[in-house]
Amino acid sequence: MNVLVLLPVQPRHRALLEEAAPGARIVYASPEDVTDEQVGEAEVIIGNLEPERLRLARRLRLLQLNSAGYDKYAAAGTMPAGAQLACASGAYGQAVSEHMLAMVLSMMKRLPAYRDNQRAHRWEDEGTVTTLRGARVLVLGAGDIGTHFAELACALGARVRGVRRSAREAQPPFEEIISMEDLLPALGEADVVASFLPSAPGTRGLADARFFSAMKPGAYFANGGRGDLVVTEDLVAALESGRLAGAALDVTDPEPLPADHPLWDAPGALVTPHVSGWYHLSVTLDNIVGIAAENLRRHAQGETPRNLVAL
């Protein structure tokens, strides 16, 4: 079995992958330097190869992504015939949730304004602040990342509801799980609305003028899922009108955000360049390699991969 690994692995990661598939020929490369020949020989690819290069992967049987999102690979005709696609759902919960919580707390405590004051050498009181203790938090996408975020919010005293495609019985840290059909009324009750939804036909453009108008005045919006959830012009308008107290965004539409885009200067906007995941927190790469090793073993034994994407 020929395996192509496109992850920045360390020796301990290599040992884990090689132990999962004894006898396999494993080639390590970077997504930028991998050759057409290496792609063409691979039966298993671990890592996000550019989708347009998959046409070269004539022998491919399994593509294990290093991302939780997979929309670019699920489009018709992208994957070679007969190949399976698996994502890295479950690898990013800690990293993304901690990043997004830090952004929300910094807005609630006016830290961006104080940083601006520091740079301007101004000793100035920015006024009252808010807290997560006793706050109502609505989490869109109650999967791995959303659940991690809910746990952190609950630890700080928040009351958390989750939103999924369909309602179900809630388990801690969620007080309640509601369906997307009940989203609009729930928006008006939340002090913080945090989205970790993937990009999908039912989520693209969901956060539009109607969505922001339904939110509680003075609430905070956070997006750590996908940028195309948001109609960016409508979010800018909601911030400029004062409807929202702030928006914490690690993802935007478009990406990268152009230097002259009005979102940069929208009042209350806090933007980071899609960095909450990736490999900035070392445990994330450990998690991805663990999923890949498990699926490498499952593939070698003819079993169904974990996180298999229906194509």
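If you look the protein up in an unreviewed UniProt entry, it shows as D-2-hydroxyacid dehydrogenase from Candidatus Olsenella pullistercoris. Among the UniProt annotations of the protein, the heading Sequence similarities (unreviewed entry) holds the following wording: "Belongs to the D-isomer specific 2-hydroxyacid dehydrogenase family."

## Considering the sheet that holds strand 4 (residues 62–64)
The strand order 2-1-3-4-5 describes an open sheet built from 5 strands, whose pairing is parallel. A single partner strand is all that each edge strand has here, and the edge strands are strand 2 (25–28) and strand 5 (84–86). Strand-to-strand, the axes of this sheet are offset by a mean angle of 15 degrees, without reference to chain direction. Packing against the sheet, helix 1 (residues 11–20) makes contact with strand 1 (2–5), strand 2 and strand 3 (44–46), and its axis sits at approximately 155 degrees to strand 2. Seen against the sheet, helix 10 (residues 282–300) touches strand 1, strand 3, strand 4 and strand 5 and runs at an angle of roughly 165 degrees to strand 4.

## Here's the deal with the pairing of strand 7 (residues 159–164)
Bridge analysis of strand 6 (residues 136–140) against strand 7 gives 5 bridges, and the strand direction is parallel. Bridged to Leu140 within strand 7 is Val163. The pairing of strand 7 with strand 8 (residues 176–179) spans 4 bridges and is parallel. Paired with Arg161 across the bridge in strand 8 is Glu176.

## Description of the UniProt feature "domain: D-isomer specific 2-hydroxyacid dehydrogenase NAD-binding" (unreviewed entry) in the protein
According to UniProt, the feature "domain: D-isomer specific 2-hydroxyacid dehydrogenase NAD-binding" (unreviewed entry) maps to residues 101–276 in the numbering used here. Taken end to end, residues 101–276 comprises 28% helix and 19% strand; its first and last C-alpha atoms sit 11 Å apart.

## Looking at the packing of helix 1 against helix 10
Contact geometry for helix 1 and helix 10: axes closest at 8 Å, N-to-C directions at 15 degrees. As summarised for this structure, helix 1 and helix 10 are arranged roughly parallel, according to the angle between their axes. Between helix 1 and helix 10 the crossing geometry is right-handed. For the pair formed by helix 1 and helix 10, the contact residues are Arg12, His13, Leu16, Leu17 and Ala20 on the first element and Leu285, Asp286, Val289, Gly290, Ala292, Ala293, Leu296 and Arg297 on the second. Across the contact of helix 1 with helix 10, the residue classes tally to 8 nonpolar, 2 polar and 3 charged.

## Quick look at the UniProt feature "domain: D-isomer specific 2-hydroxyacid dehydrogenase catalytic" (unreviewed entry) in the protein
The residues that UniProt annotates with the feature "domain: D-isomer specific 2-hydroxyacid dehydrogenase catalytic" (unreviewed entry) are residues 3–309. With 31% helix and 16% strand, residues 3–309 has end C-alpha atoms that lie 20 Å from one another.

What counts and what doesn't
- Along each chain, residues carry numbers from 1 onward, in the same order as the chain's sequence is written.
- Since the coordinates come from a predicted model, pLDDT governs what is reported: local features require at least 70, and pairs of side-chain atoms require 80 or more to be given and counted, while whole-chain, interface and lining totals use all residues.
- Calculation of side-chain values draws on the structure's entire complement of heavy atoms; hydrogens and water are dropped beforehand.
- UniProt positions are given in the numbering used here, feature names are shortened, and annotations may be inferred rather than shown by experiment.
- Note: two strands are recorded as paired if DSSP finds a minimum of 2 bridges between them.
- Starting at the N terminus, helices and strands are each numbered in turn, a helix being any DSSP run of H or I of at least four residues and a strand any DSSP run of E of at least two.
- Angles run from 0 to 180 degrees between N-to-C directions of axes, and those axes are lines fitted to C-alpha atoms, restricted for helices to the stretch in contact.
- Contact definition: two residues touch when any of their heavy atoms are within 4.5 Å.
- Orientation labels follow simple angle bins: below 35 degrees gives roughly parallel, above 145 gives roughly antiparallel, 65 to 115 gives roughly perpendicular, and whatever is left gives oblique.
- Helix crossings fall into two classes, left-handed where the near helix is turned counterclockwise from the far one by less than a right angle and right-handed where it is turned clockwise.
- When residues are grouped by polarity, Ala, Val, Leu, Ile, Met, Phe, Trp, Tyr, Cys and Pro land in nonpolar, Asp, Glu, Lys and Arg in charged, and all others, Gly among them, in polar.

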